[in-house]
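Next come the chains, spelled out residue by residue.
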Amino acid sequence: MKKIFATACSLIFCLQLITAQIPVPTPQQLQWHDMEFYLFTHFGPNTFTDLEWGKGTEKEEVFNPTNLDCRQWCRVAKAAGAKGIIITAKHHDGFCLWPSKYSSHTVRESKWKNGKGDVLKELSAACKEYGLKFGVYISPWDRNHPDYGTEKYNEVFVNMMTELFTNYGHIWELWWDGANGEGPNGKKQVYDWDRFKKTVKKLSPTTVIFSDIGPHIRWVGNESGIAGETNWNTLDTAGFSAGLGAPASDTLNSGNINGKNWIPAECDVSIRPGWFYHKEEDSKVKTPEQLFELYLKSVGRGATLLLNVPPDRRGLLNENDSAALVRFKNLRIKNFKINLSLNAVATITSVNLIKRKALVNDKNPTTFVEIKDIGKEKIQLHFNKPTNVNCVVLKELIKDGQSVKKFYIEIKRKDKKERFMQTTIGHKRIITFAAREADDIFIGFEESKRSIKIAEVETYLIDEQLIEKPKN
Ligand code: FUL
């Protein structure tokens, strides 16, 4: 009896060990996944000098928006269906959009509001008022600060972050740009990433930190807003660092299948060719259709979409950008309005033909179906009449990790069956194909890391024009 008890105990212990090793998101990362789409605003001296990378020698007086209104930014963000705004508190030119005590190159030295203004104060208050999350980009690379390139600068950077975390309410996401060039004295800085991380952990443990390699969110490896069709939320970071020491772009794009850490990808991309506002780009704003395509290739591949919409010289989001954003939102609403799965009966069918109910079309992402018999069980959506479809949206229950390695969507109409092979799912996977009628849709699983938990399977008929090249 004693022996059985001891064996059982060690089995439980082993099981616990195995489960403990599966990377899963923290509650903050889970919330971040659900944010799906939010805005980036690049704003600073470059807005007024027409540069992308300011030299750091620009006079503070160049920063002088005539009509800055962060509440307008928030109204546009809300109208676009974005969930938050991340602002460039300090870009590579070192200019601080808040009156930092640790720099003499800030809004305080500018003419804007006679040096009494504070963009971060205005934006954080506006975000609070409009129910948007507030995030901050702060570039470690600083082409202005006299201490850059010396150990003292790491202290300056920590002090600046301390100001950010102390004076502007909760910062939901912190964005560390990996760029590391020379400072005003021609020197390069050795960034003390460990110290930076510890500082944030101490001051604001619930903030999610972005850098090329996390610790919480990773760069997607390109600035065109496109995640890998195979996209693992897991990444190995040992031996790597942000910036030049980061893993190869294609690794960041797809993650590491057996990566040890949960570090999902964020797709940063600008609505215009540049990150900062340039008048000559007023006619080059991405169209709502292009934005929709980016949405499919970012959020629809399990990542999030961080869309940059730069304020202009007035300090307002430009009319062309806001018009595109509102129409982008309308496209999402219109095309994802009628979930055809709600008219279907969802079951799990297995080779022995035993069926059980599958809670995948109940509009509830917390209920799920668990598939243990990989290769033998599949999800079936049976429509009571032939239904025209061209889009399937799948959600894995990622709070318990990411598991699906290879699956297929099979469309059945009478005796005809067509299969589309796919790889990962994650938070959300949107798959489009040329429209066809279906009596049944099957989701079959061929390879997985362990048992699979699917929370939702939605089906749509979206506007064919929005599907780039329909896959047949
Ligand atoms: C890059 C920067 O160099 C660009 O100016 C921009 O801020 C982009 C989001 O990140 O690394």
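Cut-offs applied
Residues numbered from 1 in each chain as written. Predicted model: local features only at pLDDT ≥ 70, side-chain atom pairs only at ≥ 80, totals over all residues. Heavy atoms only, no water. Helix = DSSP H or I, 4+ residues; strand = E, 2+ residues; numbered from the N terminus. Buried < 20%, exposed > 50% of the residue type's maximum accessible area, 1.4 Å probe, protein only. Contact = heavy atoms within 4.5 Å. Domains from an automatic or database assignment. Buried area = accessible area lost by both parts, 1.4 Å probe. Salt bridge = Lys/Arg side-chain N within 4 Å of Asp/Glu carboxyl O. Pairing = 2+ DSSP bridges. Near = heavy atom within 4 Å. Polar contact = N/O pair within 3.5 Å; in protein donor to acceptor, adjacent residues only side chain to side chain. Areas by Shrake-Rupley, 256 points an atom, 1.4 Å probe, with all protein chains shown as cover. Nonpolar A, V, L, I, M, F, W, Y, C, P; charged D, E, K, R; others polar. Expected span 1.5 Å × (residues − 1). Arc of directions from axis to C-beta. Core = buried A, V, L, I, M, F, W, Y, C linked by side-chain atoms within 4.5 Å.

### Focus: the overall build of the chain
Thinking step 1. Across its full length, the chain holds ten helices and 18 strands.
Thinking step 2. Its C-alpha atoms give the chain principal-axis dimensions of roughly 75 × 65 × 35 Å.
Thinking step 3. Looking at the chain residue by residue over its 472 residues, the buried ones come to 57%.
Thinking step 4. Expressed as a percentage of contacts within the chain between residues at least 6 apart in sequence, the contacts between residues at least 24 apart total 77%.

### Focus: the domain arrangement of the chain
Thinking step 1. When its domains are assigned, the chain resolves into domain 1 (27-335) and domain 2 (340-466).
Thinking step 2. Taking only C-alpha atoms, the centre of domain 1 and the centre of domain 2 are 35 Å apart.
Thinking step 3. Listed by partner, the interface residues are 23 residues for domain 1 and 22 residues for domain 2.
Thinking step 4. With both chains or domains summed, domain 1 and domain 2 bury close to 1,900 Å², and 57% of this area falls on carbon and sulfur atoms.
Thinking step 5. Linking domain 1 to domain 2 there are two salt bridges.
Thinking step 6. Taking the shortest distance from any N to any O, the salt bridge between Arg429 and Glu229 comes out at 3.8 Å.

### Structural notes on the pairing of strand S5 (residues 208-211)
In regular strands, side chains alternate between the two faces of the sheet.
Thinking step 1. Of the two faces of S5, the one holding Val208 and Phe210 and the one holding Ile209 and Ser211 are both buried throughout.
Thinking step 2. As defined by bridge partners, strand S4 (residues 173-176) adjoins S5 across three bridges and the pair is classed as parallel. Bridge assignment links Glu173 to a residue of S5, and that residue is Val208.
Thinking step 3. Across two bridges, S5 lies against strand S6 (residues 217-219) in parallel orientation. Considered in S6, the bridge of Ser211 is made with Arg218.

### Let's talk about the site of the ligand
Thinking step 1. Neighbouring the ligand are Phe40, His42, Trp53, His91, His92, Tyr137, Trp175, Asp177, Glu223, Asp268 and Trp275.
Thinking step 2. At 2.9 Å from an oxygen atom of the ligand is found a side-chain nitrogen or oxygen belonging to Asp177.
Thinking step 3. For the ligand, an oxygen atom lies 3.4 Å from a polar atom in the side chain of Glu223.
Thinking step 4. Within the complex, 90% of the 290 Å² of free accessible area of the ligand lies under protein.
Thinking step 5. For the shell around the ligand, the per-class residue count stands at five nonpolar, three polar and three charged.

### A short note on helix H5 (residues 119-130)
Thinking step 1. Along its twelve residues, H5 runs 16 Å from first to last C-alpha, staying within 8% of the 16 Å computed at 1.5 Å per residue.
Thinking step 2. Those residues of H5 lying buried are Val119, Leu120, Leu123, Ser124, Ala126, Cys127 and Tyr130. Taken down its axis, H5 places every buried residue within 165 degrees of arc, on the same side.
Thinking step 3. With a side-chain oxygen positioned 3.1 Å from the backbone nitrogen of Leu120, the residue opening H5 is Asp118.
Thinking step 4. Downstream of H5 by one or two residues, Gly131 has phi in the positive range, about 70 degrees.

### Some remarks on the nonpolar core
Thinking step 1. Trp73, Trp176, Leu307 and Phe336 are the most contacted members of the largest nonpolar core, which has 78 residues in total.
Thinking step 2. If you tally residues by element for this core, the top one is helix H6 (residues 151-167), at eight residues.
Thinking step 3. If we ignore the near neighbours within four places in the chain, the residues touching Phe336 are Phe292, Tyr295, Leu296, Cys391, Val393, Ile430, Tyr460 and Ile462.
Thinking step 4. Ile411, Ile425, Ile441 and Ile452 belong to the second largest nonpolar core, which has 29 residues in total.

### Things to note about the side chain of His427
Thinking step 1. Summarising the element assignment, His427 is placed in the loop between strand S16 (416-422) and strand S17 (429-448).
Thinking step 2. Judged by its relative accessible area of 10%, His427 is buried.
Thinking step 3. Only 2.9 Å separates the side chain of His427 from the side chain of Asp34, close enough to count as a polar contact.
Thinking step 4. If we skip the residues at most four places from it in the chain, His427 touches His33, Asp34, Glu36, Gly302, Leu394, Lys395, Glu396 and Ile398.

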